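Chains, contacts and geometry: an overview
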Amino acid sequence: MQQNIYEILSQAQRQRVSDGVVTSIFDNCPSAFRKLILVLPQLGDFDSLEYIWWIQREIDRLKLEEIAVRAIGIGDHQSGEYFCKFTGFDPRWMFVDATGELHRQLNLYSGLTTKFPLLSSGQSAWINLMLMCAGIGSQGTLKEVFRGYRGDRDAPQLISNDEVIKAAPLPPLKGSFFKWAGGSGFQRPFELATLRLRNMAEVLGNWKAYVPDASYMTQRGGTFLFNAQNELIYEHRDRGILGFAANPSYPLSFLFADQATQSTNQQIINS
């Protein structure tokens, strides 16, 4: 499969969010750049929103390092528009796949797919999703949920002191509030959980836009990094909800040399 990943991705024609044109996901990628391809789950998924939050946090550094980013998520054109507006991700770099066909071509983990009698595919997906949120068929999910509440001294501070976070039903919270939970300069208790609550409020408030077809809610994604010669130099395949990164403390550690000591991933491919 490894030798075919670039071929599969390079041949993929998907709808681009910026203009609605169906084109190659590598369209306008500078040939001299490394190419970071994010195959996201449903665009209303925790993983999709959180992963792109990290990308946006480091977007200037990614450009400086000459890393071109392209993302493909499950949804339709409207899903992509809502997603890019909320996250700030460049819609020229965002593509949508209505049925997760690309995910299946790449053999990404589909999650639990049990069919329940008398229920539609969307209703069955809801039950499977709830089971995965409880850690069933979803490797590492509960551990990652708890990390969001207890904090992580190996992770950077996520919310600046003067930033105001609106995460209904909580009142607006200023970043300096989290100092009272343990200090500053690292991920404080409840800090990540608050960002996740904000994401959840956004999706639930616009559910039909983010999730036009619930049948694909359990589908997981993957990360693929290619060098300038289009050789696959890194991949990560999600094995559960909130499992989009090999190193949850700093999901982009595989990209930056000065974060190498923090990286816990074992999925670097020597080509």
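The structure contained in this document is the topic of the report that follows. (Residues numbered from 1 in each chain as written. Predicted model: local features only at pLDDT ≥ 70, side-chain atom pairs only at ≥ 80, totals over all residues. Heavy atoms only, no water.)

Regarding the overall build of the protein
Selection criterion: Helical segments are the DSSP runs of H or I of at least four residues, strand segments are the runs of E of at least two, and each set is numbered from the N terminus. Every radius of gyration here is taken over C-alpha atoms, with the globule rule written as 2.2 Å times N^0.38, N being the number of residues. Relative accessibility decides the category of a residue: with a 1.4 Å probe and only protein chains considered, values under 20% of the type maximum give buried, values over 50% give exposed, and everything between is partly exposed.
Looking only at helices and strands, the protein features nine helices and nine strands. Computed over its C-alpha atoms, the radius of gyration of the protein comes to 18 Å, within 12% of the 18 Å expected for a compact globule of 271 residues. Referenced to the eigenvectors of the C-alpha coordinate spread, the extents of the protein come out at roughly 50 × 50 × 35 Å. For the protein, with 271 residues in total, the buried portion stands at 52%.

Observations concerning the sheet that holds strand β4 (residues 67-74)
Formally: Paired strands, as defined in this entry, are two strands with at least two bridges between them according to DSSP. Axis definition: a line fitted to C-alpha atoms, over the contacting stretch in the case of helices. Angles run 0 to 180 degrees between N-to-C directions.
Pairing in this open sheet of seven strands is mixed, and the strands run β2-β1-β5-β4-β3-β8-β9 from one edge to the other. Edge positions in the open sheet fall to β2 (22-24) and β9 (232-237), since each of these has one partner strand only. Adjacent strand axes in the sheet meet at a mean angle of 30 degrees when their direction is disregarded. As paired elements, β4 and strand β5 (residues 94-97) share four bridges and run parallel to each other.

A look at the pattern of salt bridges
For the record, the criterion: When a carboxyl oxygen of Asp or Glu lies within 4 Å of a side-chain nitrogen of Lys or Arg, that pair is called a salt bridge.
This model, assessed by the stated rule, comprises 14 salt bridges. One network of salt bridges, in which partners are shared, links E50, E144, R147, D152 and R196.

Considerations on the packing of helix α2 (residues 46-57) against helix α4 (residues 77-87)
Here is the rule we go by: Orientation categories follow fixed angle ranges, with anything under 35 degrees roughly parallel, anything over 145 roughly antiparallel, 65 to 115 roughly perpendicular, and all other angles oblique. The hand of a helix crossing depends on one turn: near helix anticlockwise from the far one by less than a right angle means left-handed, and clockwise means right-handed. In what follows, residue pairs with any heavy atoms lying within 4.5 Å of each other are defined as contacts. In this classification, Asp, Glu, Lys and Arg are treated as charged, Ala, Val, Leu, Ile, Met, Phe, Trp, Tyr, Cys and Pro as nonpolar, and every other residue, Gly included, as polar.
Relative to each other, α2 and α4 sit at 45 degrees, their axes nearing to 10 Å. Relative to α4, α2 is oriented oblique. The crossing of α2 and α4 is right-handed. Contacts between α2 and α4 pair S48, L49, I52 and Q56 from the former with F83, F86 and T87 from the latter. A breakdown of the residues in the contact of α2 with α4 according to their chemical character gives four nonpolar, three polar and no charged.

Let's talk about helix α7 (residues 141-150)
For clarity, the threshold we go by: As used here, the arc belongs to the directions running from the helix axis to the C-beta atoms.
Within α7, burial applies to T141, E144, R147 and G148. Looking straight down α7, one finds that the buried residues subtend no more than 120 degrees of arc, so they occupy a single side. In this structure, α7 carries K143 and F146 as exposed residues pointing more than 90 degrees from its buried face. G151 sits one or two positions beyond α7 and adopts a positive phi of about 95 degrees.

Remarks on the environment of R104
Within the element layout of this structure, R104 appears in helix α5 (residues 101-105). R104 sits 67 residues away from P171 along the chain, and the two C-alpha atoms are 41 Å apart. Not counting the four nearest positions on each side in its chain, R104 is found in contact with T99 and Y216.

Focus: the packing of aromatic side chains
The condition is simple: Only Phe, Tyr and Trp rings take part, Trp by its six-membered ring, and two of them pair if their centres are within 6.5 Å. Stacked means planes under 30 degrees apart, edge-to-face means over 60, and tilted covers everything else. Charge over a ring is defined by NZ of Lys or CZ of Arg lying within 6 Å of the ring centre and within 35 degrees of the ring normal.
One pass over the structure, following the stated rule, counts twelve aromatic pairs. Ring centres of F177 and F178 lie 5.5 Å apart, and the angle between their planes is 80 degrees; this geometry places the pair in the edge-to-face category. Relative accessible area serves as the criterion here: at 46%, F177 is assigned to the partly exposed category. Connected via pairs of aromatic rings, a cluster forms that spans Y6, F26 and F226. For R153, the ring lying beneath its charged end belongs to F186, and the centroid distance is 4.1 Å.

Let's talk about helix α8 (residues 191-205)
To keep it simple, the criterion reads: Helices are assigned an expected span. That span is 1.5 Å times one less than the residue count.
With 15 residues, α8 ought to run about 21 Å at 1.5 Å a step, and its terminal C-alpha atoms sit 22 Å apart, in line with that. Of all 15 residues in α8, eleven are buried; the element is thus mostly enclosed. Those residues of α8 that fall on the buried side of the exposure criterion are E191, L192, A193, T194, L195, R196, L197, R198, N199, E202 and V203. In this fold, the buried residues of α8 make contact with α2, α4, α7, β6 (164-165), β7 (173-174) and α9 (207-210).

Regarding the environment of A228
Mapped onto the elements, A228 comes out in the loop between β8 (222-226) and β9. According to the relative accessible area criterion, A228 is partly exposed, its value standing at 31%. With 110 residues separating them along the chain, A228 and L118 place their C-alpha atoms 51 Å apart. Beyond its immediate stretch of four places on either side in the chain, A228 contacts S31, A32, F33 and K35.

A few points about the side chain of R147
Cut-off, in case you're wondering: Here a polar contact is taken to be a pair of N or O atoms separated by no more than 3.5 Å, where protein atoms must pair a possible hydrogen donor with a possible acceptor and residues adjacent in sequence count only if both atoms sit in side chains.
Position of R147 among the secondary structure elements: in helix α7. Polar side-chain contacts of R147 include one of 2.8 Å to the side chain of D152. The residues touching R147, leaving out its near neighbours within four places in the chain, are D152, A155, Q187, L192, R196, P248 and S249.

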